[in-house]
Number of protein chains: 2
Amino acid sequence: MEKWRIISRRLLWQSPRIIPGTSPIPGFEGSIQRSGSKDNIGRAERNFENKKQNVETWSHPLRDSVGNLKKLPSRNLYKDHRIHCRSFASVAARVQRNPSFSTINSDDIAYFKEILGEKNVIQDEDRLLAANEDWQRKYKGSSKLLLQPRNTEEVSQILKYCDSRCLAVVPQGGNTGLVGGSVPVFDEVIVNVGSMNNIISFDEVSGILVCEAGCILENLDSFLVKQGFLMPLDLGAKGSCQIGGNVSTNAGGLHFVRYGSLHGNVLGLEAVLANGTVLDMLGTLRKDNTGYDLKQLFIGSEGSLGIVTKVSILTPPKLSSVNLAFLACKDYYSCQKLLVEARRKLGEVLSAFEFLDNQSMDLALTHLEGVRNPLPSSMYDFYVLIETTGSDESYNKEKLEAFLLGSMEGGLISDGVVAQDINQASSIWRIREGVPEALVRAGAVYKYDLSLPVEDMYSLVEEMRLRLGQSAKVLGYGHLGDGNLHLNISVPEYDDAVFAQIEPFVYEWTSKCRGSISAEHGLGLMKAYAIHYSKPPETVKLMASIKKLLDPSGILNPYKVLPHNVVSQA
Amino acid sequence: MEKWRIISRRLLWQSPRIIPGTSPIPGFEGSIQRSGSKDNIGRAERNFENKKQNVETWSHPLRDSVGNLKKLPSRNLYKDHRIHCRSFASVAARVQRNPSFSTINSDDIAYFKEILGEKNVIQDEDRLLAANEDWQRKYKGSSKLLLQPRNTEEVSQILKYCDSRCLAVVPQGGNTGLVGGSVPVFDEVIVNVGSMNNIISFDEVSGILVCEAGCILENLDSFLVKQGFLMPLDLGAKGSCQIGGNVSTNAGGLHFVRYGSLHGNVLGLEAVLANGTVLDMLGTLRKDNTGYDLKQLFIGSEGSLGIVTKVSILTPPKLSSVNLAFLACKDYYSCQKLLVEARRKLGEVLSAFEFLDNQSMDLALTHLEGVRNPLPSSMYDFYVLIETTGSDESYNKEKLEAFLLGSMEGGLISDGVVAQDINQASSIWRIREGVPEALVRAGAVYKYDLSLPVEDMYSLVEEMRLRLGQSAKVLGYGHLGDGNLHLNISVPEYDDAVFAQIEPFVYEWTSKCRGSISAEHGLGLMKAYAIHYSKPPETVKLMASIKKLLDPSGILNPYKVLPHNVVSQA
């Protein structure tokens with residue numbers, strides 16, 4: 001009972017005075033900087049204050065603050081560059097340039113200059129270098145041409161021409177993807193829609209926003225907040241990623257557990273097919289049962305079926321009360337059970353349910369500057385973050401606290417704190433969001449983004465640990481509320497023997513559980529060849545037939561999403 | 001201020017004693033029966049108590065309580081039968097039997113008996129009569145064969161054979177549709193999946209249910225309630241409709257405003273293509289970004305691309321507190337504004353926002369037995385029902401009441417009551433849900449189910465009123481929260497002159513607003529020809545190409561969804 005009382009006192013502790021330079025979280029020893037550096041200001045602050053976050057954090061490393069491509073930053077951001085080279089090499093080895101594609105000639109350039117104007121036809125080497133490479137510097141193409149259309153008609157003219165000339169095209173938005181989907185593999189023409197960034201309409205009665213594909217997610221959110229709404233998705237990359245790219249990759253993000261999939265929230269799209277046909281599916285209606293819902297095909301097809309040019313999306317009202325708890329659980333079963341209880345008892349206010357294991361916690365505490373353990377009395381096997389969002393501050397706080405007390409009485413929670421202000425919330429989010437950074441600081445890392453049935457999810461981490469023994473640290477963390485595991489294997493340096501122990505085992509294991517080898521990142525170039533681990537041959541074949549139907553010459557984002565041999569046989 | 005005080009007293013009135021036979025709603029004069037008859041027990045009761053509702057209400061008139069087809073009931077349910085004949089005739093006039101389809105012969109029958117067994121190959125005239133006709137008795141085909149597969153493999157064998165023989169097929173579930181989508185037009189083979197009604201799995205951690213297509217919606221809901229969850233859709237027809245049909249028609253229903261579209265909630269499907277190929281898209285994952293989301297094509301394609309055989313669906317936790325308010329507004333602008341405020345202030349607990357105009361209210365009061373006006377002091381131009389659902393009874397009640405008081409102070413609400421128990425809630429829902437029945441009792445009715453931008457929605461009602469003058473009563477009611485208007489034109493009897501004033505005006509008007517001519521019912525046979533009012537030619541053409549790709553001989557649900565000439569040209 002003593003323990004329980006200590007915990008309950010902590011849970012119910014009310015708004016302590018925060019003295020700058022001292023710990024904002026009781027139990028912390030000594031002082032704590034708010035996450036140490038500018039780029040540690042995370043989601044919590046955005047949620048609590050809706051301040052414009054520090055541009056350095058989320059901005060595209062290849063673009064300046066107004067979105068123009070800039071010179072490359074130094075590569076010392078990456079402690080070990082070999083993963084990038086090797087990953088790309090292993091994929092490139094599987095892919096050969098499709099010889100049926102033409103190469104750019106001076107007539108092509110002249111034509112594009114005629115329709116787009118001189119300044120939107122870019123051949124400058126520095127700017128091409130930036131557009132050829134993804135932000136992780138993991139994938140690098142060799143395109144000689146970057147086009148910047150300003151409207152749908154120009155996109156249509158570009159594609160019609162490219163299709164007639166059999167010039168391959170890679171659609172590009174904010175270029176923040178993680179699987180090499182938004183950069184050329186060889187010499188594809190880059191079509192960047194970033195100049196198409198107008199908000200077209202917002203209906204404050206229905207909450208429906210219509211905008212062009214190049215609008216940056218954060219800008220849309222800032223616009224909406226002024227109207228009392230918010231975007232139904234929130235990503236780490238929100239300062240750079242564009243809504244057209246979000247839709248094309250079916251981005252998941254941090255509020256998925258609350259607002260669900262873009263397949264539910266996107267109400268309409270305008271997309272341009274490979275032959276230049278403009279498909280107007282830009283409905284602004286919540287309900288429309290007139291024929292096949294074609295827009296769904298373009299959500300998550302990673303630009304391989306058409307270029308999304310406009311988006312209509314349902315936005316939820318912005319609610320005023322956000323609360324965050326950081327909890328310790330004795331085992332994975334307790335985490336699962338806590339999720340079930342949270343769904344039942346927090347129901348309509350639950351907005352995030354994240355977990356990390358003690359290896360992840362340990363790594364964060366060891367490698368992240370200024371991060372302290374909010375529950376320092378001992379280390380636990382699992383930690384859970386629960387965020388609630390509602391329309392009544394005091395009620396929602398009490399509701400969360402009552403839920404937490406009940407869960408402690410039931411033995412599901414071993415220890416916990418509730419953030420009392422934005423600094424505390426920020427510090428807590430920093431732990432969870434900082435794990436990927438800690439991994440990079442710790443050495444080399446093999447990263448997997450998997451969807452698995454919640455009950456099986458952690459078994460993979462445990463099996464991998466047994467399999468690898470002392471040769472690697474195996475970490476599990478992620479979006480428990482969505483069944484999305486980030487499995488990360490940390491090694492001092494890349495080692496083919498370790499890698500051979502991981503793949504294809506991890507994909508085979510995922511496949512046996514009917515899991516997904518890509519929960520939210522897409523397949524892109526990185527995993528196109530591996531689609532069979534998650535999808536049976538009949539469905540992959542049908543995907544290829546649909547690709548063939550919409551893009552007979554295969555000019556749109558070639559080598560991505562589907563294995564080349566399946567597409568060529570369709 | 002006097003008025004405000006009276007209203008606020010009413011809104012805050014606490015749980016009056018309900019004496020059987022007396023009015024459960026203060027302000028009612030005299031006694032009130034609970035909606036008069038068994039079939040008036042509506043949604044409110046289901047929500048409040050989750051009792052199994054009276055079978056008579058929602059059951060299929062052509063099936064008995066265990067789902068077997070039964071003899072036809074008498075036709076006197078319909079005061080005027082002419083609309084059924086005429087509607088069908090007008091459509092039939094547009095459609096001719098496709099001569100490329102074969103007709104059934106004795107070899108076919110022998111084959112089906114071999115694979116399905118004697119008793120699942122039905123040629124009995126009475127049973128065929130029931131399966132040939134929709135529940136409204138508006139559409140009637142002349143099929144000579146009803147097949148009842150028991151599993152996916154049998155569906156696959158049936159379709160493979162039919163495709164090879166060029167025998168047209170109509171997939172059928174609960175046959176509760178409103179647009180003639182689930183009955184034959186000519187002599188199509190009826191494939192009824194009602195025998196495939198097993199629950200396959202339920203994961204109480206993730207809330208994911210997997211079941212066969214023939215499961216009745218209400219049975220699934222009853223199963224889930226025992227686990228502390230509920231189906232994310234709720235329809236008047238829930239006692240008969242089947243989940244496969246719900247998915248195939250992208251059913252909307254009463255909780256759409258809260259839980260959203262099946263495009264967001266359905267996580268996976270198994271479907272059989274026309275050639276017998278079984279497409280396993282039966283994921284049970286919240287997130288899966290591996291290739292095109294093919295299942296989306298089958299959601300809302302009305303059985304014309306494949307037969308859905310299994311469904312995986314995300315189910316929300318069942319929350320304990322349901323509250324209902326019945327409110328009067330002085331004008332449509334106030335209704336709209338109230339919706340905006342409700343979204344902001346009730347936010348996470350809002351579960352229904354319905355409206356009806358005074359003509360609808362007047363009709364309900366005049367023609368429905370036992371229905372009384374909860375706000376009898378005067379008639380208002382508009383009435384709104386707001387339902388909230390949350391996890392804390394007293395808080396949610398207070399929250400709703402505080403919102404209502406604030407809205408009255410702001411002038412958005414002119415009068416209102418909050419139901420204090422299930423009887424009151426039932427009586428209130430009876431008004432809104434009884435309008436269609438009142439319309440039938442009042443005479444003949446032209447019915448339209450439209451999606452429109454919320455701000456334009458009521459203008460159509462007003463324009464139609466001006467257009468028709470004294471020749472008809474024009475009513476507007478429906479799901480304001482979803483932008484879904486039920487426009488109903490009540491006339492003493494059907495009149496071609498009146499009809500000519502309505503169509504195509506109503507479709508043209510809807511089209512000009514980029515609305516949908518079918519918000520939630522689908523196109524079926526009734527509106528296949530009219531798809532162009534809601535979809536541009538390029539998208540319709542692409543739909544036809546996809547139909548051709550998946551069903552080259554066009555055997556699946558022919559004459560439905562898409563205009564025949566567009567399909568034949570694809």
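The structure presented is a predicted model; accordingly, all values stated were derived computationally and were not measured. Along each chain, the written sequence defines residue order, and numbers are assigned to residues from 1. Labels are handed out in written order, letters beginning with A for the chains and numbers beginning with 1 for the ligands. Per-residue local features are limited, in this predicted model, to residues with pLDDT of at least 70; the limit for side-chain atom pairs, both in listing and counting, is 80 or more; totals at the level of whole chains, interfaces and linings are taken over all residues. Note that water and hydrogens are dropped before the side-chain values are worked out from all heavy atoms of the structure.

Quick notes on the interface of chain A and chain B
How big an interface is tends to be reported as the loss of accessible area on association of its parts. At the interface, 93 residues of chain A touch 93 residues of chain B. Both faces combined, the contact of chain A with chain B buries some 7,300 Å², and carbon together with sulfur accounts for 58% of it. Accessible area that two parts lose when put together, evaluated with a 1.4 Å probe and summed over both, is termed the buried area. Of all residues in chain A, Lys287(A), Asn289(A) and Tyr292(A) give up the largest surface area on contact with chain B, accounting jointly for 14% of the area buried on that side. Each salt bridge in this description consists of a side-chain nitrogen of Lys or Arg and a carboxyl oxygen of Asp or Glu lying within 4 Å of one another. Between the two partners, chain A and chain B, sit 10 salt bridges. Between Lys287(A) and Glu520(B) there is a salt bridge, with the nearest N and O atoms lying 2.8 Å from each other. Throughout this description, a polar contact denotes any pair of N or O atoms lying within 3.5 Å of each other; where both atoms belong to protein, one of them has to be capable of donating a hydrogen while the other can accept it, and for residues adjacent in sequence the pair is counted only when both atoms sit in side chains. Summed over the shared surface of chain A and chain B, the number is 42 residue pairs in polar contact (both at pLDDT 80 or more). Where the side of chain A that touches chain B is concerned, the elements lending two or more residues are α10 (256-259), α11 (262-265), β8 (278-281), α12 (295-298), α13 (332-345), α15 (393-409), α17 (454-468) and α20 (537-550) of chain A. Here, two residues are considered to be in contact whenever any of their heavy atoms come within 4.5 Å of each other. The secondary structure listing takes helices from DSSP runs of H or I that are at least 4 residues long and strands from runs of E that are at least 2 residues long, numbered from the N terminus.

A word on the relation of the copies chain A and chain B
Once chain A has been moved 0.0 Å along the axis and rotated by 180°, it coincides with chain B to within an RMSD of 0.0 Å. Overall, the copies show the geometry of a two-fold rotation axis. Among all residues of chain A, the one whose C-alpha sits closest to the rotation axis is Gly264(A), at a distance of 2.0 Å. In this assembly the copies share their binding face: 100% of the residues contributing to the interface of chain A also contribute to that of chain B. Residues reaching a pLDDT of at least 70 in both copies supply the C-alpha atoms on which the copies are superposed by least squares.

Observations concerning the pairing of strand β8 (residues 278-281) of chain B
Buried, partly exposed and exposed residues are distinguished by accessible area as a fraction of the type maximum, computed with a 1.4 Å probe on protein chains only: under 20%, between the cut-offs, and over 50%, respectively. Because side chains alternate across β8(B), one face comprises the buried residues Leu279(B) and Met281(B), and the other comprises Val278(B) and Asp280(B), none of which is buried. Linking two consecutive strands that pair antiparallel, namely strand β7 (residues 266-272) of chain B and β8(B), is a turn of five residues; a positive phi of about 95° is found at Gly276(B) within it. The criterion for strand pairing is that DSSP finds at least two bridges linking the strands in question.

A word on the pairing of strand β16 (residues 484-491) of chain A
Residues and elements named next belong to chain A. Most of β16 sits out of view: eight of its eight residues are buried. Residues of β16 alternate between two faces, with Asn484, His486, Asn488 and Ser490 on one and Leu485, Leu487, Ile489 and Val491 on the opposite face, all of them buried. In the sheet, strand β15 (residues 473-479) pairs with β16 via seven bridges, with the strands oriented antiparallel. Note on β16: the bridge partner recorded for His479 is Asn484. Joining the antiparallel neighbours β15 and β16 is a turn of four residues, in which Gly483 adopts a positive phi near 70°.

Considerations on the nonpolar core
The biggest cluster of nonpolar side chains holds 292 residues, and the ones touching the most others in it are Phe298(A), Leu487(A), Ile489(A), Phe298(B), Leu487(B) and Ile489(B). Here Ile489(A) is in contact with Ala444(A), Val445(A), Tyr446(A), Tyr448(A), Met464(A), Leu468(A), Ala472(A), Lys473(A), Val474(A) and Ile502(A), once residues within four sequence places are set aside. For the purposes of this section, nonpolar cores are sets of buried Ala, Val, Leu, Ile, Met, Phe, Trp, Tyr and Cys residues that join through side-chain atoms within 4.5 Å.

Topic: the packing of aromatic side chains
Each Phe, Tyr or Trp ring, with Trp reduced to its six-membered ring, pairs with another whose centre is within 6.5 Å; inter-plane angles below 30 degrees give stacked pairs, above 60 give edge-to-face pairs, and intermediate values give tilted ones. Summed over the entire model, instances satisfying the criterion amount to 38 aromatic pairs over all chains. Taken together, a centroid distance of 5.1 Å and an interplanar angle of 70° make the contact between Phe202(A) and Phe229(A) edge-to-face. Highlighted residues: Phe202(A) in strand β5 (residues 199-203) and Phe229(A) in the loop between α8 (217-227) and α9 (243-248), separated in sequence by 27 residues. Both residues of the pair, Phe202(A) and Phe229(A), belong to the buried class. Connected via pairs of aromatic rings, a cluster forms that spans Tyr332(A), Phe355(A), Phe382(A) and Tyr458(A). Geometrically, a charge over a ring is one whose NZ (Lys) or CZ (Arg) sits within 6 Å of the ring centre while staying within 35 degrees of the ring normal. The ring of Phe256(B) carries the charged tip of Lys287(A) above its face, separated from the ring centre by 5.2 Å.

Concerning the side chain of Arg286(B)
With respect to the element layout, Arg286(B) can be found in the loop between β8 and α12 (295-298). Filtering out sequence-adjacent residues up to four positions away, Arg286(B) remains in contact with Phe256(A), Val257(A), Gly260(A), Gly481(A), Asp482(A), Leu267(B) and Leu314(B).

Focus on the sheet that holds strand β10 (residues 321-329) of chain B
Residue and element names in this part refer to chain B. Sheet architecture is open: seven strands sit in the order β13-β10-β12-β11-β15-β16-β14, paired in antiparallel fashion. Taken across any chain shown, the strands that pair with only one partner, and hence form the sheet edges, are β13 (415-418) and β14 (444-451). Neighbour to neighbour, the strand axes of the sheet diverge by 15° on average, direction disregarded. Where strand β11 (residues 350-357) lies against strand β12 (residues 382-390), seven bridges are found, and the strand directions are antiparallel. Directly across from Asp357, in β12, lies its bridge partner Phe382. Contacts between helix α17 (residues 454-468) and the sheet are confined to β11, β12, β14, β15 (473-479) and β16 (484-491), with β16 contributing the most and set at about 15° to the helix. Contacts from helix α19 (residues 505-512) reach β14 and β16 within the one sheet, and its direction differs from that of β14 by about 15°. Between N-to-C directions, angles cover 0 to 180 degrees, with each direction set by a line fitted to C-alpha atoms, over the stretch in contact for helices.

Observations regarding the packing of α20(A) against helix α20 (residues 537-550) of chain B
At a minimum axis distance of 11 Å, the contact between α20(A) and α20(B) shows a crossing angle of 140°. By the angle between their axes, α20(A) is oblique relative to α20(B). For α20(A) against α20(B), the interelement crossing comes out right-handed. For the pair formed by α20(A) and α20(B), the contact residues are Leu542(A), Ser545(A), Ile546(A), Leu549(A) and Leu550(A) on the first element and Leu542(B), Ser545(B), Ile546(B), Leu549(B) and Leu550(B) on the second. An angle below 35 degrees is read as roughly parallel, one above 145 as roughly antiparallel, one from 65 to 115 as roughly perpendicular, and any other as oblique. Throughout, a crossing is termed right-handed when the near helix is turned clockwise from the far one, and left-handed when it is turned anticlockwise from it by less than a right angle.

Quick look at the environment of Leu273(B)
All names here are of chain B. In this structure, Leu273 sits in the loop between β7 and β8. By relative accessible area, Leu273 is classed as buried at 8%. C-alpha separation for the pair Leu273 and Val155, spaced 118 residues apart in sequence, amounts to 9.5 Å. If near-sequence neighbours (up to four positions away) are discounted, Leu273 is found in contact with Leu159, Leu279, Phe298, Leu305, Gly306, Leu550 and Leu556.

With respect to the confidence of the model for chain A
Residue and element names in this part refer to chain A. Scored between 0 and 100, pLDDT is the confidence that the predictor attaches to each residue. Put simply, chain A has an average pLDDT of 84, and 84% of its residues get 70 or more. Overall, residues 1-90 carries pLDDT values under 50, and its contacts beyond four positions in sequence, including any with other chains, amount to 195 contacts. Of the two predicted TM-score estimates for the complex, the pTM is 0.85 and the ipTM is 0.84.

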